[in-house]
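Chain residues, written in single-letter form:
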Amino acid sequence: MLPNIPYTQYKRVVIVGAGFGGLALAREIAKREDLQVVLIDRNNYHQFQPLFYQVAMAGLEPSSISFPLRKIFQSKKNVHIRITEVRSVNTDRKSVSTDLGEITYDYLVIATGAVTNYFGMKEIEERAIPMKTVSEALALRNRILQNFEDALAVDTDEQRAGLMSVVVVGGGPTGVELSGTLAEMKHFILPKDYPEMDFKAMEIHLLEGSKELLGAMSDESSQRSREYLEKMGVHIHTEQVVTGFDGQFVTTKQGMRIRADNLVWAAGIKANPLNGLNPELIVRGGRIKVDQYNRVQGYENIFALGDVAAMQEGEWENGHPQLAQPAIQQGKALAKNVWRVMDGKKAVPFKYKDLGSMATVGRNRAVVDLPFIKFQGFMAWLTWMFVHLISIVGVKNRVLILINWVWNYATYDQSLRLILRPKTIEKIANKDEKNEEVHS
């Protein structure tokens, strides 16, 4: 196979990854028609990761938090999108090796983001449910809903309790938001779907290895989020490090043992760098060392953005937070620097502007830390919804999400509790062959 990217007289910028950083860079840099932009991703869509948990909890359709890349760049003739896997960088040939073939570059930008970090625990990697992609969020939704169906037909109360109960590992925003949503489903939604079951048997546990939840936020937000969750019936266990999961019991280093068939892993991430770079540049968490211009150290024409980049700046000695805002800001700053260099001007060092952080715990409950004010409760919840709504790509997606949120709020219900099991082409073909044999 061939990538079939046309050669032009213009410099070619190859961007690997269409997450927050890669997409921000591509949208900005494509405004100049004297550059050729090649955007590579394994998916043909951009994913809005902060709302994965709502897909997992049947609150939103996956399509409402995803947006086709080709639609974003429909009017940009200088942008070429290739859906493929990048295997390595060939720095000597100034190319990347992909499943479609070799793609050359004048400038390469690595924006490959991060993947789930299991900290070397194979047992947990094999059995826990991560939530770093839309497909993983759907897998979690399928697992939770199917387990409730199975719980109707088991023999013992212990089996039923295990199928119904959920352990969430990681007290960051994802773990807090997921636990809160599960608690609301337990109280308002699932009892209507399964009136035969006693939901007192359903336990929701949130485990965090440090002393507090939302460790990156203020003490007020950490404490208030804990109060909210405990009032909603979530069992919170701090200073508990999970070390094992056999499919029925979750065990911790401190000796805790919890009965649950469902373990959701939101405890950590690690960067996803490309092969072919100098191994000495890969630092803690798999991140790539870059300078103040996002240039990979030791390479003149290779850059890294967002989660995969380790830039030392001010208080960020180990790199910026692995969140959307640093990636977006770095992408936009790099685009402007490319323009400056092309116009014979000097590049400007990157400066991160911390816009704050927030997390929602449930209906009318959220915590917000802004640089100039910190607040919690109903206004924080409205602020969280507004910020996330305007951050979504696509007007249609924003409208769909708003409609879902309004409906869920007014009815205490969700209409997306579907168990969707995708079938591969091979399975369909095999089924058709069996049917032909039966009929013949």
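Residues numbered from 1 in each chain as written. Predicted model: local features only at pLDDT ≥ 70, side-chain atom pairs only at ≥ 80, totals over all residues. Heavy atoms only, no water.

Considerations on the overall build of the protein
Broken down by element type, the protein carries 12 helices and 24 strands. Over its C-alpha trace the protein gives a radius of gyration of 23 Å, about what one expects of a compact globule, namely 22 Å for 440 residues. Seen along its three principal axes, the alpha-carbon backbone of the protein occupies a region of about 75 × 70 × 45 Å. Burial status across the protein gives 51% buried among its 440 residues. (Helix = DSSP H or I, 4+ residues; strand = E, 2+ residues; numbered from the N terminus. Rg over C-alpha atoms; globule rule 2.2 N^0.38 Å. Buried < 20%, exposed > 50% of the residue type's maximum accessible area, 1.4 Å probe, protein only.)

Some thoughts on the layout of surface pockets
In this structure, the second largest pocket spans a volume of roughly 490 Å³. Lining the second largest pocket are 26 residues, and of these Gln-54, Glu-184, Trp-381, Trp-405 and Asn-408 lie nearest its centre. Its residues placed into classes, the lining of the second largest pocket shows 16 nonpolar, 7 polar and 3 charged. (1 Å grid on protein atoms, 1.4 Å probe; cavity = no way out; pocket = protein on both sides within 12 Å on 5 of 7 lines; lining within 4 Å. Points joined across faces, edges and corners; volume = space filled by probe spheres on them. Nonpolar A, V, L, I, M, F, W, Y, C, P; charged D, E, K, R; others polar.)

Focus: helix α6 (residues 157–164)
Looking at α6, one finds that the buried residues are Ala-161, Gly-162, Leu-163 and Met-164. Packed against the buried residues of α6 are α5 (134–151), β11 (166–169), β16 (257–259) and β17 (262–265). (Contact = heavy atoms within 4.5 Å.)

Topic: the sheet that holds strand β7 (residues 95–98)
Taken in spatial order, the 3 strands line up as β6-β7-β8 in an open sheet, and their pairing is antiparallel. The open sheet has two free edges, formed respectively by β6 (86–90) and β8 (101–104), since each of these has just one partner strand. Across the sheet, the mean angle separating the axes of adjacent strands is 25 degrees when strand polarity is ignored. Relative to β8, β7 runs antiparallel, the two sharing 4 bridges. Counted as the bridge partner of Val-96 is Ile-103 from β8. (Pairing = 2+ DSSP bridges. Axes fitted to C-alpha atoms, helices over the stretch in contact; angles between N-to-C directions.)

Thoughts on the sheet that holds strand β13 (residues 235–238)
An order of β13-β12-β11-β17 is seen for the 4 strands of this open sheet, with the pairing classed as parallel. Two strands lie at the open edges of the sheet, namely β13 and β17, each paired on one side alone. Across the sheet, the axes of successive neighbouring strands diverge by a mean angle of 20 degrees, strand direction being ignored. Where β11 lies against strand β12 (residues 204–208), 4 bridges are found, and the strand directions are parallel. Bridge assignment links Val-169 to a residue of β12, and that residue is Leu-207.

Some points on the nonpolar core
Counting 62 residues, the largest nonpolar core has Leu-51, Ile-65, Leu-140, Phe-148 and Leu-178 as the members making the most contacts within it. Residues contacting Leu-140, with those up to four places away along its chain left out, are Ala-56, Met-57, Ile-129, Met-131, Leu-178 and Val-264. Counting 29 residues, the second largest nonpolar core, distinct from the first, contains Val-14, Val-16, Val-96 and Ala-271. (Core = buried A, V, L, I, M, F, W, Y, C linked by side-chain atoms within 4.5 Å.)

Some remarks on the pairing of strand β22 (residues 357–362)
By the criterion of burial, β22 is predominantly enclosed, with 5 of the 6 residues buried. Where β22 meets strand β23 (residues 365–369), 5 bridges bridge the pair, whose relative direction is antiparallel. Counted as the bridge partner of Ala-359 is Val-367 from β23. Once β22 ends, the chain turns through 2 residues before running back antiparallel as β23, passing Asn-364 with a positive phi of about 65 degrees.

A few points about the pairing of strand β2 (residues 35–41)
Of all 7 residues in β2, 7 are buried, a share of seventy percent or more. Residues Leu-35, Val-37, Leu-39 and Asp-41 line one face of β2 and the alternating positions Gln-36, Val-38 and Ile-40 line the opposite face, and both faces are buried. Taken together, strand β1 (residues 11–16), helix α1 (residues 20–29) and β2 form a β-α-β motif whose crossover is right-handed. Of the strand pairs in this sheet, β2 and strand β5 (residues 79–83) are connected by 5 bridges, and their pairing is parallel. The partner of Leu-39 across the bridge, within β5, is Ile-81. (Right-handed = clockwise from strand over helix to strand, strands pointing away.)

Re the packing of aromatic side chains
As enumerated under the stated definition, the model contains 9 aromatic pairs in all. With a centroid separation of 5.6 Å and an interplanar angle of 25 degrees, the aromatic rings of Phe-148 and Tyr-194 are classed as stacked. In this pair, Phe-148 is assigned in helix α5 and Tyr-194 in the loop between α7 (173–193) and β12, connecting sequence segments 46 residues apart. The same class applies to Phe-148 as to Tyr-194, namely buried. Ring plane angle 40 degrees and centroid distance 5.8 Å describe the contact between Trp-384 and Trp-405, whose orientation is recorded as tilted. Highlighted residues: Trp-384 in helix α10 (residues 378–391) and Trp-405 in helix α11 (residues 395–411), separated in sequence by 21 residues. For Trp-384, a relative accessible area of 2% puts it in the buried group. Judged by relative accessible area, which is 10%, Trp-405 ranks as buried. Members of the aromatic cluster, each reached through a chain of ring pairs, are Phe-148, Tyr-194 and Phe-199. Here the basic side chain of Arg-12 rests over the ring of Tyr-7, its NZ or CZ set 5.0 Å away from the ring centre. Above the face of the Phe-249 ring, Arg-257 is positioned so that its terminal group lies 3.8 Å from the ring centre. (Phe/Tyr/Trp six-rings, centres within 6.5 Å; stacked < 30°, edge-to-face > 60°. Lys NZ or Arg CZ within 6 Å of the ring centre and 35° of its normal.)

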